[in-house]
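Letter by letter, the chains look like this.
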Amino acid sequence: MAGKKPNPVDAHVGSRVRLRRMLLGMSQERLGESMGLTFQQVQKYEKGVNRIGASRLFQISKILDVPVQFFFEEAPQFDGSAPTGMAEAESETFILEFLNSREGLELNRAFVKIADPKVRKSVVDLVRSLSNQESKS
């Protein structure tokens, strides 16, 4: 079964575990220890390589302090497509993907610590300028 892609729902649930873990500043090792697992097993769960069973998902929800439903928000449908509906869903997905990256999480944490609105605007302008330069390259 080498090369088999993870089920889209398993991958989504795993990415939500990773998102919440990162938002809490928790390492894979610490989450694994809380569950009696290795960090490698947590890694496999987060990538969707290994499915998370119901009792294990319930345990993770308690450790990460979220309801079980959190892991299924914006989950793909059975046919592999994203849920359809209002326009906000696509922008929410973009935000979740951004926050699910280490850089996005670090940038967000640092940005909210900037108290001066003018400095915040300058940071946004700088990032926008850099992204425009990169798209021209």
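Think of each chain on its own: its residues are numbered from 1, step by step along the sequence as written. Where local features are concerned, this predicted model is filtered to residues with pLDDT of at least 70; where side-chain atom pairs are given and counted, the filter is 80 or more; whole-chain, interface and lining totals use all residues. Here the side-chain values reflect all heavy atoms present in the structure, with hydrogen atoms and water set aside.

In the nomenclature of an unreviewed UniProt entry, the protein corresponds to Helix-turn-helix domain-containing protein from the organism Methyloligella solikamskensis.

Moving on: unusual backbone geometry. The residue Asp 65 is not glycine, and still its phi comes out positive at about 60 degrees. Counting from the N terminus, the helices are DSSP H or I runs at least four residues long and the strands are E runs at least two residues long. As for its placement among the helices and strands, Asp 65 is situated in the loop between helix 4 (54-63) and helix 5 (88-99). Think of it in three bands: residues with accessible area under 20% of the maximum for their type are buried, residues over 50% are exposed, and the middle band is partly exposed, with areas taken using a 1.4 Å probe on protein chains only. Of the residues examined, Asp 65 reaches a relative accessible area of 62% and is grouped as exposed. Not every positive phi belongs to a glycine, and Glu 74 is a case in point at roughly 65 degrees. The residue Glu 74 is located in the loop between helix 4 and helix 5 in this model. Judged by its relative accessible area of 27%, Glu 74 is partly exposed.

Quick look at the confidence of the model for the protein now. Per-residue confidence from the predictor is reported as pLDDT, which spans 0 to 100. Of the residues in the protein, 84% reach a pLDDT of 70 or more, and the chain-wide mean stands at 84. The element-level mean pLDDT for the protein is lowest in helix 5, coming to 62, with helix 4 highest at 97. Low confidence marks residues 85-89, where pLDDT is under 50. Its contacts with residues over four positions away, or in another chain, come to 1 contact. Throughout, a contact is declared for two residues whenever any of their heavy atoms are within 4.5 Å.

Structural elements are reduced to axes, namely lines fitted to C-alpha atoms, with helices fitted over the stretch in contact, and the angle between N-to-C directions of any two is expressed from 0 to 180 degrees. Running from amino to carboxyl end, helix 2 (residues 28-35) crosses helix 3 (residues 39-47) at an angle of 105 degrees, the nearest separation of the two axes being 8 Å. Our classification of the angle between helix 2 and helix 3 gives roughly perpendicular. Contact residues: helix 2 offers Gln 28, Glu 29, Leu 31, Gly 32 and Met 35, while helix 3 offers Phe 39, Val 42, Gln 43, Tyr 45 and Glu 46. Per-class residue counts for the contact of helix 2 with helix 3 are 5 nonpolar, 3 polar and 2 charged. Relative orientations are named as follows: roughly parallel for angles under 35 degrees, roughly antiparallel for angles over 145 degrees, roughly perpendicular for angles from 65 to 115 degrees, and oblique for any other angle. When residues are grouped by polarity, Ala, Val, Leu, Ile, Met, Phe, Trp, Tyr, Cys and Pro land in nonpolar, Asp, Glu, Lys and Arg in charged, and all others, Gly among them, in polar.

With that settled, the discussion passes to the environment of Met 22. Mapped onto the elements of the fold, Met 22 is located in helix 1 (residues 8-23). Of the residues examined, Met 22 reaches a relative accessible area of 4% and is grouped as buried. Taking the C-alpha atoms as reference, Met 22 lies 7.7 Å from Leu 105; in sequence the two are 83 residues apart. Not counting residues up to four positions away in its chain, the partners in contact with Met 22 are Asn 100, Ser 101, Arg 102, Leu 105 and Arg 109.

What follows is about the packing of helix 2 against helix 4. Between helix 2 and helix 4, the least distance of the axes is 10 Å, while the angle of their chain directions is 120 degrees. Here helix 2 lies oblique to helix 4, going by the angle between them. Viewed along their axes, helix 2 and helix 4 form a crossing whose handedness is right-handed. Counting all contacts with helix 2, which are made through Leu 31, Ser 34 and Met 35, the residues of helix 4 involved are Arg 56, Gln 59, Ile 60 and Ile 63. Here a crossing is taken to be left-handed if its near helix is turned anticlockwise relative to the far helix by less than a right angle, and right-handed if that turn runs clockwise.

Turning our attention to the environment of Arg 30. Inspection of the secondary structure puts Arg 30 in helix 2. Here the alpha-carbon distance between Arg 30 and Val 42, two residues 12 residues apart in the chain, equals 9.8 Å.

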